[in-house]
Amino acid sequence: MNSRHPTSSPTRHALVGILLFTAACGGGGGGDGGGTDPQPQNTAPQIQVPQGLSGIAPRLTWVLPATGTATATFTATDADGDPLFWQVAGSGAEMAAAGVLAPSSAAGPSIDIDLLVVGAAAAVTFDVLVQDGVATASLEVTVQRAAAPTILGVSPSSAFSGQPTDVSVTGSNLTLAGSAQAEVRFGGALATNIVAQQDGSLACRTPSIGAAGPSVVAVSNAEGSSQLPSSAFLMMPYPPQLAATDLRVDAGAVGLATQIELASEDDFIDVAFVAGGAYHCRSADGGATYSVPTLLSSGEAVSGICVVAQGSLVRVAWIGDTQQSWVARSSDGGTTFLPATRVDAGGQPVSGLRLCADGQRVHLAWLSGSVGLNQSRVVLASSADGGATFAVPLGVSSGTQNQHAVEVGCRGALLCVAWLDDRQGSAFRGVYAARSADGGVAFSAAQRLSVQNDRATELGFATHGAVADVAFVTLLYGVWHNRSVDMGLTWRLPETQVRGMEDGVPTTPRVHAHGDRVYVAWITDGLAVRLARSSDGGATFPARTRLDSALAPVSGLELDGAGDYVTAAWLSGDASASAVRAAVATSADRGGAWRPEQGGGDGADNQGGLRMRQSGARIALGFLERRTLATGAYVNANQP
């Protein structure tokens, strides 16, 4: 019988013993003659297990609501009639948190253990022991105090209606302190694949039914329920519907827009752009409106801008006057920025700037030195205080030949850097990677990830958690993939060939991954967008798909995704006819089926500088376009 009771008023119950359990026993000494009688064998005590405790002795579980009270009487008998002595052993602090009140020792045939009212769900394990002076019997008792759940958030905060995907729910008391599992509902429809990770979080899949629009997320267990406001989660229509009108975000900038970059997380879209200076603006409503741009630079000629955002933490980096690297930081979602910090050591050309951040860890990588003078090297500078100060830039690798195309990913103090390297000669340019486990203080020796007898020409790079994925193109053998599951400490050997040269010359490799699902996309002969997918972490790529449908030039490929969703975007059309437009193709079933490509917005001139980011079911596009005689920075996002 379960001892769980309604929580409306505290109750107290006496639990009567009905089961017998014998534990370890010892024996008395014997003789080998000599006219004396042998001593009888000692019999160990037997403990009666109280009702309401579940499990199989000697490991038992006692579950009670946090607002209830109960008493369990543990009774033992001894066939020899020996006096009995009890002990209760466990962490005093943990037992108190779970409301366990018990004497540490007692004499006699029984001992009472009480459960008192507690303020929150808790769990503790302790031992109940009884001995007769020779032998001991014991039980291991786990007390679980259940309470109504609370839900604090769900991530991502959107999904496509009728297209299930994985989400994470955070809160408290989600697993009844381990004794049960909560139900999760979206708009009243039950989620599936609910997996309790701990009492404060669980994972589930959104329902396959439900209308588009705001959706109430609720979690419940036997003790109660909790829900988020409907504004906390949005079911988006599928296929995605881009806005009919592009939004220009560079109003008020001092020059023409020359670059745009995006970061996306839930409803927030952060935009950094170059228009005579380095600027930032943010949308907090999924791209419906944007803040007035904030100028971050101080008069230097700006190029190579980057942006990363995590909640209210925003970091923007840029190159100044071709020889400077700068980082500006905000802790209030971009409303205000502190003065920018110069990171480089000075005196060398700066190019290929890349930025990553995880909490207060910020890492900036770039190429330092002239390519023409064989001086281009990968360097990195790290900050442990959110970007207020940076360590002296460190050369990532000891290579003495030109390095190119640096990429960086991080998880706290773990860093993985990948780049192209000419150390075996430019004809055998390779993809290399190095790892740091101490926040960029020191790096492992560089490892070559690409085939030895070919020249790598381009690479794509992505990290999630401690997994790093690299996609690259080589001159002779096509498209390749390599993966590290320990942030660059070890890599797959050999690398996996995704596609050879059967379809034409590949360029612009891009990679996105979610768990064991890996997607690699590329452009073939400048005319076709192709994608290959793997379900085994990139060991094999059995499925390939062409994503574009028009016989037109394509360029500027982008690839991103979330959960079961993956999206590709590219520029399609004839530039000579001012007909280059952004195109988007999306899959909601892990790349199995793709919606036909679609365009959006109201542009009439060539578009360029395309960037695309996806968070949940929200897709954001950024691009440059010449309208009203001026090139501006524009954004578009799918609508509810």
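What comes next concerns the included structure. (Residues numbered from 1 in each chain as written. Predicted model: local features only at pLDDT ≥ 70, side-chain atom pairs only at ≥ 80, totals over all residues. Heavy atoms only, no water.)

A few words now on the sheet that holds strand β48 (residues 543–546). Sheet architecture is open: four strands sit in the order β45-β46-β47-β48, paired in antiparallel fashion. Each edge of the sheet is formed by a strand with only one pairing partner; in this case those strands are β45 (506–514) and β48. Going from strand to strand, the sheet's axes swing by 20° on average, the running direction of each strand aside. The sheet contact formed by strand β47 (residues 528–534) and β48 spans four bridges and is antiparallel. (Pairing = 2+ DSSP bridges. Helix = DSSP H or I, 4+ residues; strand = E, 2+ residues; numbered from the N terminus. Axes fitted to C-alpha atoms, helices over the stretch in contact; angles between N-to-C directions.)

Turning next to the nonpolar core. The nonpolar side chains of a soluble globular protein tend to be buried, and buried together. Val154, Val184, Phe186, Cys204, Val217 and Leu621 are the most contacted members of the largest nonpolar core, which totals 36 residues. Discounting chain neighbours no more than four positions away, the residues touching Leu621 are Leu242, Leu262, Ala569, Ala582, Val584, Leu610, Arg611, Met612, Tyr634, Val635 and Asn636. Of all hydrophobic cores here, the second largest spans 28 residues; its members include Leu64, Ala98, Val124 and Val130. (Core = buried A, V, L, I, M, F, W, Y, C linked by side-chain atoms within 4.5 Å. Buried < 20%, exposed > 50% of the residue type's maximum accessible area, 1.4 Å probe, protein only. Contact = heavy atoms within 4.5 Å.)

Attention now goes to the pairing of strand β52 (residues 607–615). Two elements, β52 and strand β53 (residues 618–627), share seven bridges in a ladder whose sense is antiparallel. Paired with Gln614 across the two strands is Ile619, which belongs to β53. Count of turn residues in the β52/β53 antiparallel hairpin: two residues, of which Gly616 carries a positive phi of about 60°.

Here we take up the sheet that holds strand β4 (residues 53–56). Strands belonging to one sheet form pairs held by backbone hydrogen bonds; the direction of such a pair is parallel or antiparallel. Here we have six strands laid out as an open sheet, ordered β4-β5-β12-β11-β7-β9, and mixed in their pairing. The two strands at the open ends of the sheet, each matched to only one other strand, are β4 and β9 (105–107). Sheet twist, expressed as the mean angle between neighbouring strand axes with direction ignored, is 20°. In terms of strand pairing, strand β5 (residues 59–65) meets strand β12 (residues 136–146) through seven bridges, oriented parallel. Bridged to Pro65 within β12 is Ala146.

In the sheet, strand β41 (residues 456–464) pairs with strand β42 (residues 467–474) via eight bridges, with the strands oriented antiparallel. By the bridge assignment for β42, Ala456 is matched with Thr474. The hairpin formed by β41 and β42 contains two residues between the paired strands, and Gly465 there has a positive phi angle of roughly 65°.

Here the focus is the environment of Tyr477. In this fold, Tyr477 is placed in the loop between β42 and β43 (478–484). Through-space distance from the C-alpha of Tyr477 to that of Val505 is 9.6 Å; in sequence the pair is 28 residues apart. When near neighbours in sequence (up to four residues on either side) are disregarded, Tyr477 contacts Val451, Asn453, Asp454, Gln497, Arg499, Gly500 and Met501.

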